Amino acid sequence: MKNTLLIWIMLLGIWGCSNDDDNAFETSVPREKITFKAVPGGAIMYYNLKGNKEVFSIRARYVDAQGKEITVDGTYLSDSLTLVGFDDARQNVPVRLSFFNHKLEESNGMDMVFNTEDSAPAAFFKTVEVTPGWNGFQIAYDAPQSTGYAHIFYLGENPLTHRPDTLWLQTILIAKGHNVHSFSLQQERPSNTIIITTEDFRGYRVKKGVWENVEAYAISQYPSVNISVKDPLGIIEENTTYRLSSQYLFDGKTKGEARMLEGNVEKQAYLFATKKNTVGKYWVLDLGEKQMIARLRMYAAYKWSLFIASWNWMGQLSDKYPSEVTIYGSNDMEDEESWEQLGYFYQSPLVEGWAAKSNTVIADLTVLERQESLYADINCVANGKEYRYIKMLVHNTFRYDGQLTYQNRNNIIALSELEVFVKK
């Protein structure tokens, strides 16, 4: 602070000497025509040069938080300048103003002051919360605007030296508004020490925070035999002829192998499916008891013949699988106001998504067993609450099947398997 004040005094002296020149451009701009508005990380200076035909442009000089002289210029064609370069909120920051004519002759200086608000990298630490997460932690914060970055670290074991070290995890843009980020750590521990530093867009480090003993929630799969499916809107297809039922959500067959085990390869699906025109509607999972929900995992089955003749598939499978889903939790499924959003999943319906390979035709069980499972995870926020009921609302399915042909005209939803993971 003392160095900054010394620099400021020296600059005032320099400006004073230069502006005492007898050849200085003489003009008079009333102070009331110049006002300042404090904003995050600085201020906006508003000016009005209308009616003063001698003034071509305006210049503002000040010293920023790093002790550097900043010069900002504006012309009569505009009415404001942005003064940046500050971290914590400040009061009465000195600024010297001068004016130029069309010959670029500079006027004597006019001294004024302005106030600033906390920049986003500084304000970040006033709102940020670091809380337990699934196999890691999560951070939530509110930012006035996007003017910096946050660097996320944790204390762990250096993989090269095998000694304790501060390990970089991710750098995020400090985005305007309320934001939540979840982080899973490869080095699993019951608790972690989290370090966050912030940086402004000019590359200067602003602040640092440390959170110790942040609990990491271990997760495990909830027993599928304990889960029942509720269908309050009547959208689930229960069809014994084609083996379509909610029971296949939890039969343990993730790739569609049940049809081969039963010897019904051509027509019968052994899948979960909804009726026509049910995209945009939901069904409910009843866990039988309250649990802290970590994630849901959706599986897709492989195609079993070149032309699927059964039911309403229209020859395709990949365009029946969800591309956008929202997950809600509640302890009273009859109370619409009780549902709280827990997770959201999105992939563009116009690209090959997580279920694209489901159009690969596999009619041999041995070949099918060697294939990788096709799945997508819907991660849920670790809010510390437990829920018995899970609402699964599918907003959209994929429209890309490799040829952009059928595009799920019947608006059917399909899944091969669904797994629920909870706090261990």
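The present account deals with the structure reproduced in this document.

Moving on, we get to the sheet that holds strand β18 (residues 282–291). On the basis of which strands lie adjacent, the open sheet formed by five strands has the order β16-β18-β23-β20-β21 and antiparallel pairing. A strand with exactly one partner marks an edge of an open sheet, and here the two such strands are β16 (228–230) and β21 (340–346). Taking the axes of each pair of neighbouring strands and ignoring which way they run, one obtains an average angle of 25° across the sheet. Bridging between strand β20 (residues 322–330) and β21 involves six bridges; their strand directions are antiparallel. Considered in β21, the bridge of G329 is made with E340.

Among the secondary structure elements, S245 is positioned in the loop between β16 and α3 (258–261). Residue classification places S245 among the buried positions, given a relative accessible area of 8%. A distance of 3.2 Å separates a polar atom in the side chain of S245 from the backbone nitrogen of Q247. Sequence-distant contacts of S245, that is, excluding residues within four places in its chain, are made with E237, E238, L271 and F272.

Our next topic: the side chain of T254. One can find T254 in the loop between β16 and α3. Under the relative-accessibility criterion, T254 is labelled buried at 12%. Side-chain polar atoms of T254 contact the side chain of S373, separated by 3.4 Å. Leaving out residues up to four positions away in the same chain, T254 has contacts with Y299, A300, A301, S373, S416 and E417.

For the rest of this paragraph, the subject is unusual backbone geometry. Unusually for a residue other than glycine, H162 sits at a positive phi of about 60°. Tracing the backbone through its elements, the reader meets H162 in the loop between β10 (148–157) and β11 (164–173). Since its relative accessible area comes to 55%, H162 is described here as exposed. Of note, N213 is a non-glycine position whose phi angle comes to about 55°, a positive value.

What follows is about the packing of aromatic side chains. What the rule picks out here adds up to 15 aromatic pairs. For the pair F272 and W283, a centre-to-centre distance of 4.7 Å together with 50° between the ring planes defines the contact as tilted. With F272 in strand β17 (residues 272–273) and W283 in strand β18, the pair connects residues that are 11 residues apart, well separated along the chain. The exposure class of F272 is buried, given its relative accessible area of 0%.

Turning our eyes to something else, we now look at the environment of I413. Within the element layout of this structure, I413 appears in the loop between β23 (387–397) and β24 (414–415). Counting along the chain gives 133 residues from I413 to G280, while the straight-line C-alpha distance between them is 9.7 Å. Sequence-distant contacts of I413, that is, excluding residues within four places in its chain, are made with F272, A273, T274, T278, V279, W283, K320, P322, V394 and T397.

Overall, the coordinates contain 12 salt bridges when judged by the stated rule. R59 is the partner of D73 in a salt bridge, and the nearest nitrogen-oxygen pair spans 2.7 Å. A residue pair is termed long-range when its members are at least 10 positions apart, and D73 in strand β4 (residues 69–75) and R59 in strand β3 (residues 57–63) qualify at 14 residues. Residue classification places R59 among the partly exposed positions, given a relative accessible area of 22%. R388 is paired through a salt bridge with D286; the nearest N and O atoms lie 2.8 Å apart. A residue pair is termed long-range when its members are at least 10 positions apart, and R388 in strand β23 and D286 in strand β18 qualify at 102 residues. With a relative accessible area of 30%, R388 lands in the partly exposed category.

With that settled, consider the layout of surface pockets. Quantified by volume, the largest pocket comes out at close to 370 Å³. Every residue lining the largest pocket is counted, 18 residues in all, and those nearest its centre are S182, L342, N379, C380 and V381. Looking at the lining of the largest pocket, the elements that each hand over two or more residues are β8 (129–134), β12 (177–184), β19 (293–300) and β21. Ranked by residues supplied to the lining of the largest pocket, first place goes to β12 with five residues.

Definitions and limits used
- Residues numbered from 1 in each chain as written.
- Predicted model: local features only at pLDDT ≥ 70, side-chain atom pairs only at ≥ 80, totals over all residues.
- Heavy atoms only, no water.
- Pairing = 2+ DSSP bridges.
- Helix = DSSP H or I, 4+ residues; strand = E, 2+ residues; numbered from the N terminus.
- Axes fitted to C-alpha atoms, helices over the stretch in contact; angles between N-to-C directions.
- Buried < 20%, exposed > 50% of the residue type's maximum accessible area, 1.4 Å probe, protein only.
- Polar contact = N/O pair within 3.5 Å; in protein donor to acceptor, adjacent residues only side chain to side chain.
- Contact = heavy atoms within 4.5 Å.
- Phe/Tyr/Trp six-rings, centres within 6.5 Å; stacked < 30°, edge-to-face > 60°.
- Salt bridge = Lys/Arg side-chain N within 4 Å of Asp/Glu carboxyl O.
- 1 Å grid on protein atoms, 1.4 Å probe; cavity = no way out; pocket = protein on both sides within 12 Å on 5 of 7 lines; lining within 4 Å.
- Points joined across faces, edges and corners; volume = space filled by probe spheres on them.

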